[in-house]
Every structure is written in structure tokens, then in C-alpha cells.
Amino acid sequence: SRVRGQKPFTLQVLGEGGVPTSGVDAVVLNLLSVKPSRNGFVTAWPTDGGARPNTANLSYRAGRNIPNLTVCKVGADGKINVEASAGQVDLVADVVGCFSEAGAQLSPVAPRRLLDTRKGIGAPGARVRAGGELTLKVTGVGGVPAGAKAVALNVSAVRPTKQTFLTVYPTGEDRPNASSLNPDPGAVSANLVIAKVGEDGNVTIFNNRGNLDILADLTAYFI
């Protein structure tokens, strides 16, 4: 059922989607608002963090599908609170990573464009078609060393012909049932994506419908 504004609910995150059952300080979620009835925002916070903070993790607009990458501290019970501010909205939360003492180390880099299908940077200079995928080399470029476990990319979708979604995932692994970006037709949309790197040092980007150009800017890596 759709989430109602100002009606918080709890979401189990430890032990779900590959997140360990203990030793996790925070999770990284791609939150997606689906066709809200009104403008509003979503707040996520730890279950032992008291009252809802006066912050927003995702701002949504009526009738639009809008994602945002979110880092949220986890409560002692392994859950987080989620609340929409207004109207009714469907929410999707895809876990993409977590933070723990035993985890990978973040290394920021000077931003660098790794992919621009308009100019043939990182892939052939052609729009990506419905059901199409492209492979992007991420290790050995932009300061990312061999053996990097994941990369942080700002991914942009440029003027898709249809409502679609993009999924960024490690090359050589099965494509997950999750979205990284949900662009509207004719618009330019962007979202920060943390993507696990395949064993060959590549990530794959999948486009569901229509055709569009895709850009990806590197901002950091994990090792």
C-alpha cells in the first residue's frame, strides 16, 4: 500500500540485501519516490535516534519518479525509520552498500568524466537503446587503482525518449532488480551511484526503455 504523509514506518536493513547482521554503522540506500500525490520529502533516521530530525533525504514532486542516494545510521535493532512529509507515495529502497570497521576505505579523487555517449567518451558515440547495455572501464582511469572494490559515479541521463530506468552493476554479475536512476522523457536527470566493480575492472549500465545519452563522472573509489 502507498505510504501516507506523516505516518512513519520502520525498515529492517541488517541481514537484508547482503548487509551483515551485525557490525554495521550505516547503510547506503537508493531511495525512490513513485508518483507522489503531492510535493513533499522523505526523511530516514535510526530507530534509536529519537524524534524525526528536521532534514530531508529525498525531495519529491507530484507525479514524478525521483531517486536519491542516501546514507543512514542504523538503529541498535538493525532498523531505520522512514517518513514521508505529505500526500501519498510509493517508496522503493534499494540497498547498495554499508559502512563498518571492516569495510572498504573511501578515497576521493578529482572529478573526471569517464563516460559521455554524445562524444564517444568511454563508449561508442551513440545513444543507448531500449534494453541496451554498455560496459564502462573504471579501474586504471581517473586515479582508480586495480583492485578497487567500488566506485562513486554521478550518472546523468540526457533526454530519454520514454520514461525509463538505469541500473549500474558489476560487469560479469547478474543484473539486480534495482534502479540507479529514473529519468523522465525529454529531461536531463542525475543521481549519485555507488557501484561495485566487476572482476575485470568494469561496470555495466543498463537502459530499460526508449533511447538516451548517458554521462558518468567519477568522484571517488573504495578499496
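This write-up is about the structure you can find in this document. Just so it is clear, the model here is predicted, and its values are computed rather than measured.

**Section: the overall build of the chain**
Phase 1 of the analysis: Counting its regular elements, the chain contains zero helices and 15 strands.
Phase 2 of the analysis: Relative to its length of 223 residues, the chain is compact, with a C-alpha radius of gyration of 18 Å against a globular reference of 17 Å.
Phase 3 of the analysis: A principal-axis box enclosing the C-alpha atoms of the chain has dimensions of 50 × 40 × 30 Å.
Phase 4 of the analysis: Long-range contacts, defined here as pairs at least 24 residues apart, represent 79% of the contacts in the chain between residues at least 6 apart.
Phase 5 of the analysis: Carbon together with sulfur atoms contributes 48% to the accessible area of the chain, which is approximately 10,800 Å² in total.
Phase 6 of the analysis: Each charge class in the chain was averaged separately, 23 positive and 17 negative side chains, and the resulting centres sit 10 Å apart.

**Things to note about the side chain of Asp94**
Phase 1 of the analysis: Inspection of the secondary structure assignment puts Asp94 in strand E8 (residues 88-99).
Phase 2 of the analysis: At a separation of 3.3 Å, a polar atom in the side chain of Asp94 contacts the main-chain amide nitrogen of Ser179.
Phase 3 of the analysis: Apart from residues no more than four positions distant in its own chain, Asp94 is found in contact with Val28, Leu29, Asn30, Asn177, Ala178 and Ser179.

**Describing the pattern of salt bridges**
Phase 1 of the analysis: Taken as a whole and assessed by the stated rule, the structure comprises nine salt bridges.
Phase 2 of the analysis: A salt bridge links Asp184 to Arg64; the nearest nitrogen and oxygen atoms lie 2.2 Å apart. On the criterion of sequence distance, the pair formed by Asp184 in the loop between strand E12 (166-170) and strand E13 (188-196) and Arg64 in the loop between strand E5 (58-60) and strand E6 (66-73) is long-range, its members being 120 residues apart.
Phase 3 of the analysis: Here Arg175 ties to Glu133 by a salt bridge, and the two come within 3.9 Å at their closest N and O atoms. Residue Arg175 is found in the loop between E12 and E13, and its partner Glu133 is found in strand E10 (residues 133-137); the two are separated by 42 residues along the sequence.

**Overview of the nonpolar core**
Phase 1 of the analysis: In terms of nonpolar packing, the biggest core is built from 27 residues, with Leu115, Leu134, Leu136, Val151, Val155 and Ile214 touching the most fellow members.
Phase 2 of the analysis: Put simply, the parts of the chain that give this core at least two residues each are strand E9 (106-116), E10, strand E11 (150-158), E12, E13, strand E14 (202-207) and strand E15 (213-222).
Phase 3 of the analysis: If sequence neighbours within four positions are ignored, Val155 has contacts with Leu166, Val168, Leu181, Ser189, Ala190, Asn191, Val193, Ile214, Leu215 and Ala216.
Phase 4 of the analysis: One finds Val13, Ala44, Ile80 and Ala86 within the second-largest nonpolar core, a separate group that totals 20 residues.

**Quick notes on the environment of Val24**
Phase 1 of the analysis: Turning to its location among the elements, Val24 is positioned in the loop between strand E2 (9-12) and strand E3 (26-34).
Phase 2 of the analysis: The spacing of Val24 and Lys7 is 17 residues in sequence and 26 Å in space, taken between C-alpha atoms.
Phase 3 of the analysis: With sequence-adjacent residues up to four places away left out, Val24 is seen in contact with Leu14, Val19, Val74, Cys98, Phe99 and Ser100.

**Things to note about the sheet that holds E3**
Phase 1 of the analysis: Taking strand neighbours across the sheet as the criterion, the four strands line up as E1-E8-E3-E6 in an open arrangement whose pairing is antiparallel. Lying at the two open borders of the sheet, with one neighbouring strand each, are strand E1 (3-4) and E6.
Phase 2 of the analysis: Looking at chain direction, E3 and E6 are connected through eight bridges and run antiparallel. In the strand pairing of E6, Val27 is matched with Cys72.

Thresholds applied
- Residues numbered from 1 in each chain as written.
- Predicted model: local features only at pLDDT ≥ 70, side-chain atom pairs only at ≥ 80, totals over all residues.
- Heavy atoms only, no water.
- Helix = DSSP H or I, 4+ residues; strand = E, 2+ residues; numbered from the N terminus.
- Rg over C-alpha atoms; globule rule 2.2 N^0.38 Å.
- Contact = heavy atoms within 4.5 Å.
- Areas by Shrake-Rupley, 256 points an atom, 1.4 Å probe, with all protein chains shown as cover.
- Lys, Arg positive; Asp, Glu negative; His and termini not counted.
- Charge placed at Lys NZ, Arg CZ, Asp CG, Glu CD.
- Polar contact = N/O pair within 3.5 Å; in protein donor to acceptor, adjacent residues only side chain to side chain.
- Salt bridge = Lys/Arg side-chain N within 4 Å of Asp/Glu carboxyl O.
- Core = buried A, V, L, I, M, F, W, Y, C linked by side-chain atoms within 4.5 Å.
- Buried < 20%, exposed > 50% of the residue type's maximum accessible area, 1.4 Å probe, protein only.
- Pairing = 2+ DSSP bridges.

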